[in-house]
Amino acid sequence: MKIVVIGGTGLIGSRLVKKLREHGHEALAASPNTGVNSVTGEGLREALKGASVVVDVTNSPSWEDAAVLKFFETSTRNLLGSEAVAGVGHHVALSVVGTDRLLESGFFRAKFAQENLIKASSIPYSIVRATQFFEFVKSIGDFSTAGNKVLLPPALIQPMAADDVASGVGRIAMGSPLNGTVEIAGPERFRLDELIRMDLAARKDPREVITDAHARYYGIQVSENALIPGNAARLSETRFEDWLSPAMSAR
Ligand SMILES: NC(=O)c1ccc[n+]([C@@H]2O[C@H](COP(=O)([O-])OP(=O)(O)OC[C@H]3O[C@@H](n4cnc5c(N)ncnc54)[C@H](OP(=O)(O)O)[C@@H]3O)[C@@H](O)[C@H]2O)c1
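Residues numbered from 1 in each chain as written. Predicted model: local features only at pLDDT ≥ 70, side-chain atom pairs only at ≥ 80, totals over all residues. Heavy atoms only, no water.

Colleague: Could you give an account of the site of the ligand, naming the residues involved and the relevant values?
Modeller: Around the ligand, the structure places 28 residues, and the nearest of them are Thr-9, Leu-11, Ser-31, Thr-58 and Lys-111. At 2.7 Å from an oxygen atom of the ligand is found a main-chain nitrogen or oxygen belonging to Thr-58. Taking Asn-59, its main chain carries an N or O atom lying 3.2 Å from an oxygen atom of the ligand. The site holding the ligand turns out to be the largest pocket. If one sorts the elements of the shell around the ligand by residue count, strand S4 (residues 90-96) sits on top with three residues. (Near = heavy atom within 4 Å. Polar contact = N/O pair within 3.5 Å; in protein donor to acceptor, adjacent residues only side chain to side chain. 1 Å grid on protein atoms, 1.4 Å probe; cavity = no way out; pocket = protein on both sides within 12 Å on 5 of 7 lines; lining within 4 Å. Sits in = over half its atoms within 2 Å of the grid points. Helix = DSSP H or I, 4+ residues; strand = E, 2+ residues; numbered from the N terminus.)

Take a look at the structure:
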């Protein structure tokens with residue numbers, strides 16, 4: 001199958017393209033760096049020619065409220081429109097577990113808008129909601145830092161390795177459209193404060209994590225269960241501790 005990965009040069013996209021090729025598919029990594037822009041439409045028609053599946057793993061260059069909404073709305077509309085013309089039979093998009101519980105955030109309002117455009121379109125689809133990537137854990141700590149302290153709520157979190165996200169998205173892309181949403185997540189649940197403490201310790205980072213029920217997660221209030229998936233989630237195998245040591249020695 002020809003499978004076009006929009007955002008195919010990114011953290012998830014590059015891993016996904018590799019995995020799809022290993023399964024014998026013709027995977028095209030499409031992004032501004034390869035001459036394909038889902039916002040302006042540049043290169044889209046050519047890229048989608050003969051494609052059976054399009055996987056959207058793009059991210060917005062700006063997370064400012066209006067910019068991120070414009071990015072996901074424009075990009076998704078352009079992709080779905082071009083897919084209809086090209087006769088693409090499956091649109092797969094990567095979203096985030098809990099998106100509908102995190103709408104105080106402009107980023108999640110944009111992801112929710114993306115999901116709703118996909119659901120309303122005529123293209124058969126699968127939405128894959130993943131939990132936070134292990135690779136993203138450091139930036140959670142950085143965002144919540146004030147001086148040498150990191151303020152975090154004790155909300156539950158069930159993160160997963162980017163490599164496992166790519167495998168999960170790949171399995172869905174190679175299968176039939178779900179016309180629905182599936183959740184994927186890591187094998188273990190942590191408290192957010194505890195997870196960041198582990199990450200900082202592995203990095204020998206002296207910042208102190210302060211647990212504060214009123215602290216915010218990326219600027220928004222999160223309830224205890226807002227970030228974790230439901231019981232039907234497909235769980236991956238890589239544990240955070242097993243990922244941490246090789247990730248630290250590769251720095
Ligand atoms: N971070 C998390 O923990 C988490 C959890 C669950 C889900 N997600 C979702 O996972 C998705 C992928 O994240 P990621 O970390 O892999 O992203 P990333 O590494 O930042 O990569 C973003 C990709 O989007 C491409 N892109 C940017 N603007 C584009 C445009 N106008 N047209 C086409 N492609 C464009 C980039 O291309 P260039 O390289 O050419 O710039 C790059 O390939 C996001 O939608 C995010 O919401 C993230």
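Colleague: Break down the layout of surface pockets for me, with residues and values.
Modeller: Computed from the structure, the largest pocket encloses a volume of approximately 820 Å³. Around the largest pocket sit 38 residues that line it, and Thr-58, Asn-59, Trp-63, Phe-107 and Phe-133 are the ones nearest its centre. Sorting the residues of the lining of the largest pocket by element identifies helix H1 (11-22), helix H3 (65-86), S4 and helix H4 (106-120) as the ones contributing at least two each. Tallying contributions element by element places H4 first for the lining of the largest pocket, with four residues. Its residues assigned to classes, the lining of the largest pocket shows 21 nonpolar, 14 polar and three charged. (Points joined across faces, edges and corners; volume = space filled by probe spheres on them. Nonpolar A, V, L, I, M, F, W, Y, C, P; charged D, E, K, R; others polar.)

Colleague: I'd like to hear about the packing of aromatic side chains, residue by residue, with values.
Modeller: A complete count under the given rule lists 13 aromatic pairs for this structure. Seen in terms of ring centroids, Phe-134 and Phe-240 are 5.1 Å apart; in terms of plane orientation they differ by 65 degrees. Their pairing is edge-to-face. Of this pair, Phe-134 sits in the loop between strand S5 (125-130) and helix H5 (137-143) while Phe-240 sits in helix H8 (residues 240-249), and the two are 106 residues apart along the sequence. With relative accessibility at 1%, the residue Phe-134 sits in the buried group. On the numbers, 6.0 Å between centres and 70 degrees between planes, the contact of Phe-190 with Phe-240 is edge-to-face. One end of the pair, Phe-190, is in strand S10 (residues 190-191); the other, Phe-240, is in helix H8, and 50 residues separate them in sequence. Looking at Phe-240, the relative accessible area reads 0%, which means it is buried. Through a chain of ring-to-ring contacts, the aromatic side chains of Trp-63, Phe-71, Phe-72, Phe-107, Phe-108, Phe-136, Phe-143, Tyr-217 and Tyr-218 assemble into a single cluster. (Phe/Tyr/Trp six-rings, centres within 6.5 Å; stacked < 30°, edge-to-face > 60°. Buried < 20%, exposed > 50% of the residue type's maximum accessible area, 1.4 Å probe, protein only.)

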